[in-house]
Amino acid sequence: MRITSTLITAFLCVQTMMAHAQAKQPLRVFAAAGTAPAMKEIAIRFTRQTGTPVIFNFANAGTLAKQIAAGAEFDVFFSANETWMDYVEDKGLVAPSSRTVLLEDEMVIVVPKGKPSDILLAAPAVDRFAIGDPATPIGIYAKQAFTKLGCWDALQPRLCVGDTVHKVLNYVALGEADAGVVFRSVARCASNRVDIACAIPGELHSPIRFPIATAQNSRAEDERFLEFILSPSATAIFSTYGWSPVKTKGPADGTLPAQKD
């Protein structure tokens, strides 16, 4: 009888340990590079509340979507535009019911810190103009805007192309480009390195929206993270980085309900 009791106790201990390990498996979040500062701050708060660590893969949304399509394991995808979210959803890789447009942003033209802000694209002073690769969200939006303005072809000889919005910003901040196009949120995070010359009117391009979704076969913890990132507490962090949150839900303090067994 004593042996049986010992075996049962040992079995229950193992089961408890396995359940605990399962709950603490890292959450794998694929997120657009421009969201990195805010997402890291939000992840710290999420881990404090839940004990679940968050591992990020930051890159441009197109690169992330292609990695997911190629079989990369992920739990949450946070895209900088809807086109690349459509791409992974069409392949059945995210749960459509979880998809939410979380943020909106706008594009601005930045110049190196302390340089004159009255930049004109046609001015001789602008020898190098930094822009995102046309396959990246920032590049897609910028090409739409400059095509509508009728100056896309004229810009080609001057373009300095980056594969992420942060590379575009660095070209300008380091003086390798005279001006460039980035998201306002990215420019605000680098206000000690660049100045905003002007905003690009929203009617010149598709709405800049940042959708988020969980993987098709999501875990409870993935949905818990999505719930947390939609809370007023998390969206307030996004606001401090220059985004306009679109969706919020849950308690104002961002506290999550206790996780169900």
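Residues numbered from 1 in each chain as written. Predicted model: local features only at pLDDT ≥ 70, side-chain atom pairs only at ≥ 80, totals over all residues. Heavy atoms only, no water.

## Remarks on the packing of aromatic side chains
Part 1 of the argument: As enumerated under the stated definition, the model contains 12 aromatic pairs in all.
Part 2 of the argument: Residues F78 and F238 carry aromatic rings whose centres are separated by 6.1 Å and whose planes lie at 70° to one another, so their mutual orientation is edge-to-face. Taken together, the positions of F78 in strand 3 (residues 76-78) and F238 in helix 10 (residues 232-240) put the pair 160 residues apart, joining distant regions of the chain.
Part 3 of the argument: Residue classification places F78 among the buried residues on the basis of a relative accessible area of 0%.
Part 4 of the argument: With a relative accessible area of 0%, F238 lands in the buried category.
Part 5 of the argument: Taken together, the ring pairs in this structure connect F78, Y141, F183, F210, F238 and W243 into an aromatic cluster. (Phe/Tyr/Trp six-rings, centres within 6.5 Å; stacked < 30°, edge-to-face > 60°. Helix = DSSP H or I, 4+ residues; strand = E, 2+ residues; numbered from the N terminus. Buried < 20%, exposed > 50% of the residue type's maximum accessible area, 1.4 Å probe, protein only.)

## Regarding the pairing of strand 2 (residues 54-59)
Part 1 of the argument: Examined bridge by bridge, strand 1 (residues 27-32) and strand 2 share 6 bridges and lie parallel to one another. Paired with F30 across the bridge in strand 2 is N57. (Pairing = 2+ DSSP bridges.)

## Digging into helix 5 (residues 137-149)
Part 1 of the argument: Helix length check: helix 5 (13 residues) gives 19 Å between terminal C-alpha atoms against 18 Å at 1.5 Å per residue, within 8%.
Part 2 of the argument: Looking at helix 5, one finds that the buried residues are P137, I138, G139, I140, Y141, A142, A145 and F146.
Part 3 of the argument: Once helix 5 ends, the next one or two residues include G150, with phi positive near 80°. (Expected span 1.5 Å × (residues − 1).)

## Some remarks on the packing of helix 2 (residues 36-50) against helix 10
The packing of two helices is summarised by the inter-axis angle and the distance between the axes.
Part 1 of the argument: The geometry of helix 2 relative to helix 10 is characterised by a closest axis approach of 9 Å and an angle of 155° between their N-to-C directions. Between helix 2 and helix 10, the interaxial angle falls into the category roughly antiparallel. The chirality of how helix 2 crosses helix 10 is right-handed. Contacts between helix 2 and helix 10 pair A38, M39, E41, I42 and R45 from the former with S233, A234, I237 and F238 from the latter. (Axes fitted to C-alpha atoms, helices over the stretch in contact; angles between N-to-C directions. Parallel < 35°, antiparallel > 145°, perpendicular 65-115°, else oblique. Left-handed = near helix turned anticlockwise from the far one by under 90°. Contact = heavy atoms within 4.5 Å.)

## As for the side chain of S98
Part 1 of the argument: Turning to its location among the elements, S98 is positioned in the loop between helix 4 (82-90) and strand 4 (100-104).
Part 2 of the argument: With a relative accessible area of 10%, S98 lands in the buried category.
Part 3 of the argument: A distance of 2.9 Å separates a polar atom in the side chain of S98 from the backbone nitrogen of T214. (Polar contact = N/O pair within 3.5 Å; in protein donor to acceptor, adjacent residues only side chain to side chain.)

## Regarding the pattern of salt bridges
Part 1 of the argument: Following the criterion strictly, the structure yields 13 salt bridges and no others.
Part 2 of the argument: Here the residues in one salt-bridge network are E82, D86, E89, R99, E104 and R209, joined through shared partners. (Salt bridge = Lys/Arg side-chain N within 4 Å of Asp/Glu carboxyl O.)

## Remarks on the sheet that holds strand 5 (residues 107-112)
Part 1 of the argument: Overall, mixed pairing links the 5 strands, which are arranged 7-6-8-5-9 in an open sheet. Among the strands making up the open sheet, the edge pair consists of strand 7 (159-162) and strand 9 (194-199). The sheet shows a mean angle of 35° between the axes of neighbouring strands, taken without regard to direction.
Part 2 of the argument: Taken together, the 4 bridges between strand 6 (residues 129-132) and strand 7 define a ladder with parallel strand orientation. By the bridge assignment for strand 7, A130 is matched with C160.
Part 3 of the argument: Along the sheet, helix 5 contacts strand 5, strand 6 and strand 8 (179-183); its crossing angle with strand 8, the most-contacted strand, is approximately 120°.
Part 4 of the argument: Against the sheet, helix 7 (residues 165-173) contacts strand 5, strand 6, strand 7, strand 8 and strand 9, and its axis sits at roughly 145° relative to strand 8.

## Overview of the environment of F30
Part 1 of the argument: Topologically, F30 is positioned in strand 1.
Part 2 of the argument: Along the chain, F30 and Q67 lie 37 residues apart, while their C-alpha atoms are 9.6 Å from each other.
Part 3 of the argument: Aside from chain neighbours lying at most four places away, what touches F30 is N57, L64, Q67, I68, A72, E73, F74, V76, F77 and F78.

## So, the sheet that holds strand 1
Part 1 of the argument: As summarised here, the arrangement of the 6 strands in space is 2-1-3-10-4-11, forming an open sheet in which the pairing is mixed. A single partner strand is all that each edge strand has here, and the edge strands are strand 2 and strand 11 (244-245).
Part 2 of the argument: Of the strands in this sheet, strand 1, strand 2, strand 3, strand 4 and strand 10 (209-214) are in contact with helix 9 (residues 220-229), which crosses strand 10 at around 155°.
Part 3 of the argument: Lying on the sheet, helix 10 is in contact with strand 3, strand 4 and strand 11; it crosses strand 4 at an angle near 35°.

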